[in-house]
Amino acid sequence: LLLLLLLQVLASCLWLGHSEVVSSFESSCPQFFFRETPPNEALEPESPAWICQRYKNQYYFATLYDRNRRIPVYSAYLYQPGPGTRPKTWLVEPQLMGPTYPKTMEREWTLLNHFNVSLEQLSKSQAVLQDYKNLTGLNRGHLNPSGHHPDSSSRMATFTLTNIVPQDEKLNGGAWNNYEQQTMIKRTQGCNTTYVIVGAVPGNNYIAKGRVNKPSHIWSSACCEVDTNRRKAWAVIAENDENKVQLLTLGELEDMLTQLYGRDQVSLFDSDCPRE
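Model, not experiment: these values are computed from the prediction.

Participant: Tell me about the packing of aromatic side chains, and please be specific about residues and values.
Facilitator: Scanning all chains against the criterion turns up five aromatic pairs. With centroids separated by 5.7 Å and ring planes inclined at 65°, the aromatic side chains of F34 and Y195 adopt a geometry described as edge-to-face. Highlighted residues: F34 in the loop between α2 (25-28) and β2 (48-55) and Y195 in strand β9 (residues 193-201), separated in sequence by 161 residues. Since its relative accessible area comes to 1%, F34 is described here as buried. Residue Y195 is classed as buried on the basis of its relative accessible area, which comes to 13%. Aromatic pair W176 and Y179: ring centres 6.0 Å apart, planes at 50°, arrangement tilted. Of the two residues, W176 and Y179 both sit in helix α7 (residues 175-187), three residues apart, roughly one turn of that helix.

Here's what the structure looks like:
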């Protein structure tokens, strides 16, 4: 029996090396973080999943996912906005069910009809389409927005439910949208590369009969390389029931998150990103 257990552990370790639900971002998709440095452990949930978000055999961004609350903790990506249409299909992450499932995001329908998966299995550690039906005053809010990506595949990749939180509809279509569209364009002028991390602070309320957490706050932070010696950073936070976005320094956001989580000091980026 012990030998069998050891073999299982070994098999799962081997699988982690190849898969998209990974053991760490540093070893698998570090390119989405400035200096290949993800946020520290202060935001980590009890039951985390590190997802290198893969669509059509390519990584597009990274998401730390909370399996218990069924929402992302944060998504990290490179800001590369381009013109294009907004996708309409939603995808899910098969690997949250286990290593034998496809290593790339799929439509719920495909998994239920072609992979012999039950909805119960699928919904165990992630949100499903049913959870976001009949919402009142809330939208499916992207952390990593499709409009910050250059082509149809990268935009499609953001339409996974592992990148979505229940977001106040006025905020999502109002002040938050304004930040994503207008403020980001202004702030990123002169930037060569802009690294973005967008997150959600878990709240006390749930949707879908207690399955999916409704975050208390949504936040975003950016670190941009102007040239080899110069960087600038900024951040915002919004309460998830008010149509208002507060502009902050990176240091101010990290301090606010430290207070909201009540754990260790939060660090979102490598120390070379200015905190002031």
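Participant: Describe the layout of surface pockets, with residues and values.
Facilitator: If you add up the space inside the largest pocket, you get close to 230 Å³. Taken together, 13 residues make up the lining of the largest pocket; nearest its centre are R86, P145, S146, E180 and Q181. Elements with a contribution of two residues or more to the lining of the largest pocket: β7 (138-142) and α7. Taken together, the residues of the lining of the largest pocket sort by class into one nonpolar, eight polar and four charged.

Participant: Explain the confidence of the model for the protein chain to me, using residue names and the numbers behind them.
Facilitator: Predicted confidence across the protein chain gives a mean pLDDT of 93, with 93% of residues reaching 70 or more. Segment residues 9-19 is flagged for pLDDT under 50; beyond a separation of four residues in sequence, or across chains, it makes 13 contacts in the model.

Participant: Outline the state of the cysteines, listing residues and values.
Facilitator: This structure, assessed with the given rule, holds three disulfides. The partner cysteine of C223 in its disulfide is C273, sulfur to sulfur 2.0 Å. Across the S-S bond of C223 and C273 the torsion is about -95°, and the bridge reads as left-handed. Of this pair, C223 sits in strand β12 (residues 217-225) while C273 sits in the segment after α8 (250-261), and the two are 50 residues apart along the sequence. Per residue, the accessibility class of C223 equals that of C273, and both read buried. Here the protein chain pairs its bonded cysteines, counted in sequence order, in the arrangement 1-2, 3-5, 4-6.

Rules and cut-offs
- Residues numbered from 1 in each chain as written.
- Predicted model: local features only at pLDDT ≥ 70, side-chain atom pairs only at ≥ 80, totals over all residues.
- Heavy atoms only, no water.
- Phe/Tyr/Trp six-rings, centres within 6.5 Å; stacked < 30°, edge-to-face > 60°.
- Helix = DSSP H or I, 4+ residues; strand = E, 2+ residues; numbered from the N terminus.
- Buried < 20%, exposed > 50% of the residue type's maximum accessible area, 1.4 Å probe, protein only.
- 1 Å grid on protein atoms, 1.4 Å probe; cavity = no way out; pocket = protein on both sides within 12 Å on 5 of 7 lines; lining within 4 Å.
- Points joined across faces, edges and corners; volume = space filled by probe spheres on them.
- Nonpolar A, V, L, I, M, F, W, Y, C, P; charged D, E, K, R; others polar.
- pLDDT = per-residue confidence, 0-100.
- Contact = heavy atoms within 4.5 Å.
- Disulfide = S-S within 2.5 Å.

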